[in-house]
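What follows is each chain in one-letter form.
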Amino acid sequence: MKLLLAMLAVLSGAAFGAERGRDLFETGATPGRDVVATLRGDAVEIPARLMACANCHGVHAEGRTEAGVSAPPLTGNLPLDVLERVVRDGIGKDGKPLHPAMPSYRFTRDEIADLHAHLLRLNGHSPANGVTPDEIRIGLATGPDTRLSSAVERVIRAAFEDVNAHGGIFRRKILLVSGPRHADLKGATLASVASLANDWNASDQPVIGPLSAAAEGSNVFTLLPAETEQWSSLCRYLARDARNSVQVLPEDQQRFIGSVPACRALLRETGAAKTILFAGREADLERVIRANPGRQIAALHIAVARTVSRLPEEARNRLLIACPALPADQADPAAIDAAAAGSPEFPALRAMALGAARVLIEALKRAGRDLTQDRLQAALETLNGFETGLIPPVTFGPGTRSGVRGAYLVRAAADRFILLSSWMTAEE
Ligand code: HEC
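Residues numbered from 1 in each chain as written. Predicted model: local features only at pLDDT ≥ 70, side-chain atom pairs only at ≥ 80, totals over all residues.

1. Details of the overall build of the protein
Within the protein one finds 15 helices and 18 strands. Sorting the 428 residues of the protein into buried and exposed places 39% on the buried side. Relative to all contacts within the protein whose residues are 6 or more apart in sequence, the contacts with residues 24 or more apart total 58%. (Helix = DSSP H or I, 4+ residues; strand = E, 2+ residues; numbered from the N terminus. Buried ≥ 20, exposed ≤ 12 C-beta atoms within 10 Å, placed from the backbone. Contact = placed C-beta atoms within 7 Å.)

See the structure below:
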């Protein structure tokens, strides 16, 4: 753990530099020592704290005019050496002495490098967190379960290695950095993918495809449909047959399911409905199936996953299942197996993780060469029906963070799922 944190500190050097540079720029303070500044032609030394750059140039380096003296906006991408001469010696970028109102500071080269990093970031030239000229660092917050996380990690690593073997993205290699929580990865990485830790709120960077259904936040790009959306798709599928009607079991779930318009339209208060929407606990599934011979039982995959393989054939055939992702045997199995490196565990989770990695890779390509978190976020928002081959088509937008709204409808055979429909969206 110590080693990991030390490594993260090294990785995030660039970001911390820009942070220190911001302090310098805004307050003139350098921790641990006092720096002095001089106004040229003036022997008097003034603490730099009283002459913060932002006082004259503005907090956003937007430039300012006071008492007839103009401190220009600092927008250009000044090379570090030029900035050093400006700040230390009062020599401008054209090689001439600057107006005496611009002070000279006894900052070290490192401090000026920090200022430089801050100015670059202010101007959107930022080598964003986790991005260098030849690398993009992506985080995987692994959570506490090491079996789960190592399966997921292998898949994502393989996906990145594949991209890297083909020249990377704008010549940058993608590097996976893992740590138990988002809080450990923040600052060292551009974004997180397929995270298994649920402190996603600790992160203000994009989190793509957290493997937890409950995740939400303006930076969280979810790839799992909500339960209501899956029910909606299921009922829209049932409504294709005009004779269909439904009844909800257990009855105390009727209000919840009835809140989904597509389901409410099919609800039958009395008499035998053709289909039972089973919204109960998995332990009760077999009993409900037995108690309702000859009727179709519809349920979400999450409520039947553990039981379905041991149901007798007759019961299995009456079961209609809504799946939030492609059943593993329908999704690009070669890709998942190649990435699994011999591990047969958690096929659905691995498919989700690989899907999330493919979404990220696509967005990185769209974000362009000048990669920042904002550009990555904007690129994610351009995905519209994007196909990964593993998870349903993905659509985000400004303000739309749930990328997959719907379900696949399947029936269970003895050893696999049979796809009944293509992706069924939750709404029209
Ligand atoms: C007391 C006001 C003041 C403060 C404080 C100040 N500047 Fe300036 N700065 C100026 C003025 C005025 C100019 C314009 C000089 C000129 O045009 O010759 C200037 C010019 C510059 C330039 C442009 C040089 C060029 O060649 O065009 C840079 C870069 C700059 N300042 C950076 C800084 C940084 C970094 C700090 C803080 C470490 C800082 N300034 C603090 C007043 C200030």
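Next comes the rest of the description.
2. Some remarks on the site of the ligand
Around the ligand lies a shell of 22 residues, among which Cys53, Cys56, Gly92, His99 and Met102 are the nearest. Mapped by element, the contributors of at least two residues to the shell around the ligand are α3 (53–57), β4 (69–71) and α4 (80–89). Per-element tally for the shell around the ligand: the top contributor is α3, with 4 residues. Among the residues forming the shell around the ligand, the class breakdown is 17 nonpolar, 4 polar and 1 charged. (Near = placed C-beta within 6 Å. Nonpolar A, V, L, I, M, F, W, Y, C, P; charged D, E, K, R; others polar.)

3. Some points on the nonpolar core
Of all hydrophobic cores here, the largest spans 86 residues; its most connected members are Ile156, Val193, Ala194, Ala353, Ala356 and Leu360. With 11 residues, helix α14 (residues 347–367) is the single largest residue contributor to this core. Two domains each put at least three residues into this core: domain 2 (131–225 + 330–397) and domain 3 (227–323 + 410–425). Discounting chain neighbours no more than four positions away, the residues touching isoleucine 156 are Leu140, Leu176, Val193, Ala194, Ala353 and Ala357. Counting 12 residues, the second-largest nonpolar core is a separate cluster that includes Leu24, Ala37, Cys53 and Leu115. (Core = buried A, V, L, I, M, F, W, Y, C linked by C-beta atoms within 7 Å. Domains from an automatic or database assignment.)

4. Looking at the packing of helix α6 (residues 146–165) against α14
Close contact between α6 and α14 brings their axes to 9 Å; oriented N to C, the two are set at 35°. The crossing of α6 and α14 is right-handed. Across from Leu148, Ala151, Val152, Val155, Ile156, Ala159 and Val163 in α6, the residues of α14 making contact are Leu349, Arg350, Ala353, Leu354, Ala357, Arg358 and Ile361. A class-by-class count of the residues in the contact of α6 with α14 yields 12 nonpolar, no polar and 2 charged. (Axes fitted to C-alpha atoms, helices over the stretch in contact; angles between N-to-C directions. Left-handed = near helix turned anticlockwise from the far one by under 90°.)

5. Some words on the sheet that holds strand β1 (residues 36–38)
Spatially, β2-β1-β5 is the arrangement adopted by the 3 strands of the open sheet, whose pairing is antiparallel. What marks the edges here is a single partner per strand, and that holds for β2 (45–47) and β5 (104–105). Bridging between β1 and β2 involves 3 bridges; their strand directions are antiparallel. Residue threonine 38 lies in a different strand from β2, and its bridge partner there is glutamate 45. (Pairing = 2+ DSSP bridges.)

6. Comments concerning the environment of valine 155
With respect to the helices and strands, the residue valine 155 is situated in helix α6. Classification of valine 155 as buried rests on a count of 28 C-beta atoms within 10 Å. Separated by 202 residues in the primary sequence, valine 155 and alanine 357 have C-alpha atoms spaced 8.8 Å apart.

7. Here we look at the confidence of the model for the protein
For the protein, mean pLDDT is 84; residues scoring 70 or higher make up 89% of the total. With pLDDT under 50 throughout, residues 1–15 is counted as low confidence; its partners more than four residues away or in other chains account for 13 contacts. Under a pLDDT of 50 for its full length, residues 338–342 has, in the predicted model, 11 contacts with residues more than four places off or in other chains. (pLDDT = per-residue confidence, 0-100.)

8. Looking at the pairing of strand β12 (residues 246–249)
Here β12 shows a buried face lined by Val246 and Val248 and a second buried face lined by Gln247 and Leu249. Strand direction decides the pairing type here: β12 and strand β13 (residues 275–278), joined by 4 bridges, are parallel. Note on β13: the bridge partner recorded for leucine 249 is phenylalanine 278.

9. Describing the pairing of strand β8 (residues 173–179)
Remark: a regular strand shows side chains that alternate across the two faces of the sheet. Strand direction decides the pairing type here: strand β7 (residues 135–141) and β8, joined by 7 bridges, are parallel. Paired with leucine 140 across the bridge in β8 is serine 178. On the question of chirality, the crossover connecting β7 to the parallel β8 by way of α6 is right-handed. (Right-handed = clockwise from strand over helix to strand, strands pointing away.)

10. A closer look at the environment of leucine 311
By secondary structure assignment, the location of leucine 311 is in the loop between β14 (296–300) and α12 (313–317). Along the chain, leucine 311 and alanine 412 lie 101 residues apart, while their C-alpha atoms are 9.7 Å from each other.

11. Some details on unusual backbone geometry
Cis geometry is adopted by the peptide bond preceding proline 250, which originates at leucine 249 and carries an omega value of -10°. In this structure, proline 250 sits in the loop between β12 and α9 (254–258). The backbone of phenylalanine 170 sits at a positive phi, close to 50°, despite the residue not being glycine. For phenylalanine 170, a count of 15 C-beta atoms within 10 Å translates into the label partly exposed. Here the phi dihedral of alanine 194 falls at roughly 50°; this positive angle occurs in a residue that is not glycine.

12. Some points on the environment of arginine 401
Residue position: arginine 401 is located in the loop between α15 (373–380) and β16 (406–412). Considered as a pair, arginine 401 and asparagine 219 are 182 residues apart in the sequence and their alpha carbons are 8.0 Å apart. Filtering out sequence-adjacent residues up to four positions away, arginine 401 remains in contact with Glu216, Ser218, Val220, Phe221, Thr222 and Phe396.

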